[in-house]
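The residues making up each chain are set out below.
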Amino acid sequence: MNFYLCLASLCLGLAAAIPPFDRALDSQWHQWKAQHGKSYEANEDSLRRATWEKNLKMIERHNQEYSAGKHSFQLRMNKFGDMSTEEFKQVMNGYKSNGSQRRTKGSLYRESLLAQLPESVDWREKGYVTPVKEQGDCGACWSFSAVGAIEGQWFRKTGKLVSLSIQNLIDCTIPEGNNGCDGGFMDNAFQYVQDNGGIDTEECYPYVAQDTECKYKPECSGANITGFVDIPSMDERALMEAVATVGPISVGIDSANPSFKFYQSGVYYEPDCSSSQLDHGVLVVGYGSIGKDEYWIVKNSWGEAWGDNGYILMAKDKDNHCGIATEASYPKV
């Protein structure tokens, strides 16, 4: 389904209710469309313009409040500016929690309760993390997260950073309970790789951002795992220890607030964020602090143009903010 299209009658009805545009923004609107390659029919253009203006004004208001010291992060307009919150969730957020099965499918993480952990960790600096990728109009965030965790553990074992196939997981993990571009769960992806005996490389099985038939080739396998581990739910200390001692960790988060969609920089703290309503799979690749603000370093799958070169710093040790420690896991190799 193309979420950028709507029935003509619906468009006409909604168009009649659209408030007058801010004509001072005409040039900025046309520049934004040209920058992101946007083109619409007349009625849809009006709808998109109205949504874009609403988002732009929200961003400007937030940044004014940031300048006044009311927020710890800034926003900016990006390619998602013409999408409503509900539409964005349908297209971009494909994390499907399966918490009821976590304790029966994966091993339970056992904390060593180390007295001292590093004050900061960034696995990008150690060669564990491949470049940021872009999922496009496919709700396969869970696959990007799972692949990132496997890539990190394979590097830890072999010293070789191999870009693995996201499409392999999208196409082949339906028997484990995933639904391709319509959503999935990282533990199900880990289960597939373990049972299958491997996952292909990205070079051999490239990403096409849509559901296709399973085409796994054993001769193209770039990594394998022996199992996976679930970190105790809502335990940020356990997540911190795992990140510090294991490597990049797959997590589910709540990314539903518009402020997440337009994040630019700083430590993301959104009071309305839920610790239980998770909708997006991402990868924690480290942690650190800026002054008194502690953060998790999170790799997203919306391309390098989003956020801070594809990353976001999410508030750490603030009551499991956005559910970052609610359903965290990693593969064993």
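Residues numbered from 1 in each chain as written. Predicted model: local features only at pLDDT ≥ 70, side-chain atom pairs only at ≥ 80, totals over all residues. Heavy atoms only, no water.

- The name that an unreviewed UniProt entry assigns to the protein chain is Cathepsin L1-like, with the source organism given as Monodelphis domestica.
- UniProt annotates the protein chain under Sequence similarities (unreviewed entry) with the comment "Belongs to the peptidase C1 family." (UniProt positions renumbered as here; feature names shortened; annotations may be inferred.)

## Remarks on the overall build of the protein chain
Next, step 1: The helix and strand inventory of the protein chain stands at 10 helices and 12 strands.
Next, step 2: Among the 333 residues that make up the protein chain, the fraction classed as buried is 54%.
Next, step 3: Looking at the protein chain as shown, the accessible area adds up to about 14,900 Å², and 49% of this sits on carbon and sulfur atoms. (Helix = DSSP H or I, 4+ residues; strand = E, 2+ residues; numbered from the N terminus. Buried < 20%, exposed > 50% of the residue type's maximum accessible area, 1.4 Å probe, protein only. Areas by Shrake-Rupley, 256 points an atom, 1.4 Å probe, with all protein chains shown as cover.)

## Quick word on the state of the cysteines
In protein chemistry, a disulfide is the covalent bond that joins the sulfur atoms of two cysteines.
Next, step 1: Taken as a whole and assessed by the stated rule, the structure comprises four disulfides.
Next, step 2: In this model Cys204 forms its disulfide with Cys220; the gap between the sulfur atoms is 2.0 Å. Given an S-S torsion of about 55 degrees, the disulfide between Cys204 and Cys220 has right-handed geometry. A residue pair is termed long-range when its members are at least 10 positions apart, and Cys204 in the loop between strand E4 (199-200) and strand E5 (221-223) and Cys220 in the loop between E4 and E5 qualify at 16 residues.
Next, step 3: Its sulfur unpaired, Cys141 is 9.1 Å from the next cysteine sulfur, which belongs to Cys138.
Next, step 4: Looking at Cys141, the relative accessible area reads 0%, which means it is buried. (Disulfide = S-S within 2.5 Å.)

## Overview of the nonpolar core
Next, step 1: In this structure, Leu239 and Ile249 are the most contacted members of the largest nonpolar core, which totals 86 residues.
Next, step 2: Broken down by element, this core gets its largest block of residues, nine residues, from helix H6 (residues 141-158).
Next, step 3: With sequence-adjacent residues up to four places away left out, Leu239 is seen in contact with Ile231, Ile249, Val251, Trp296, Ile324, Ala325 and Ala328.
Next, step 4: Among the nonpolar cores identified, the runner-up in size contains six residues, and Leu25, Trp32, Tyr40 and Leu56 belong to it. (Core = buried A, V, L, I, M, F, W, Y, C linked by side-chain atoms within 4.5 Å. Contact = heavy atoms within 4.5 Å.)

## Thoughts on the packing of aromatic side chains
Next, step 1: Following the criterion strictly, the structure yields 21 aromatic pairs and no others.
Next, step 2: Arranged with centres 6.4 Å apart and planes meeting at 45 degrees, the rings of Trp32 and Trp52 form a pair that is tilted. One end of the pair, Trp32, is in helix H2 (residues 26-36); the other, Trp52, is in helix H3 (residues 42-67), and 20 residues separate them in sequence.
Next, step 3: For the ring pair Tyr287 and Trp296, a centre distance of 6.1 Å and an interplane angle of 80 degrees mean the geometry is edge-to-face. The two residues Tyr287 and Trp296 agree in class, both being buried.
Next, step 4: In this structure an aromatic cluster arises from ring pairing among Phe73, Phe80, Phe88, Phe260, Tyr263, Tyr268, Trp302 and Trp306.
Next, step 5: For Arg124, the ring lying beneath its charged end belongs to Tyr311, and the centroid distance is 4.3 Å. (Phe/Tyr/Trp six-rings, centres within 6.5 Å; stacked < 30°, edge-to-face > 60°. Lys NZ or Arg CZ within 6 Å of the ring centre and 35° of its normal.)

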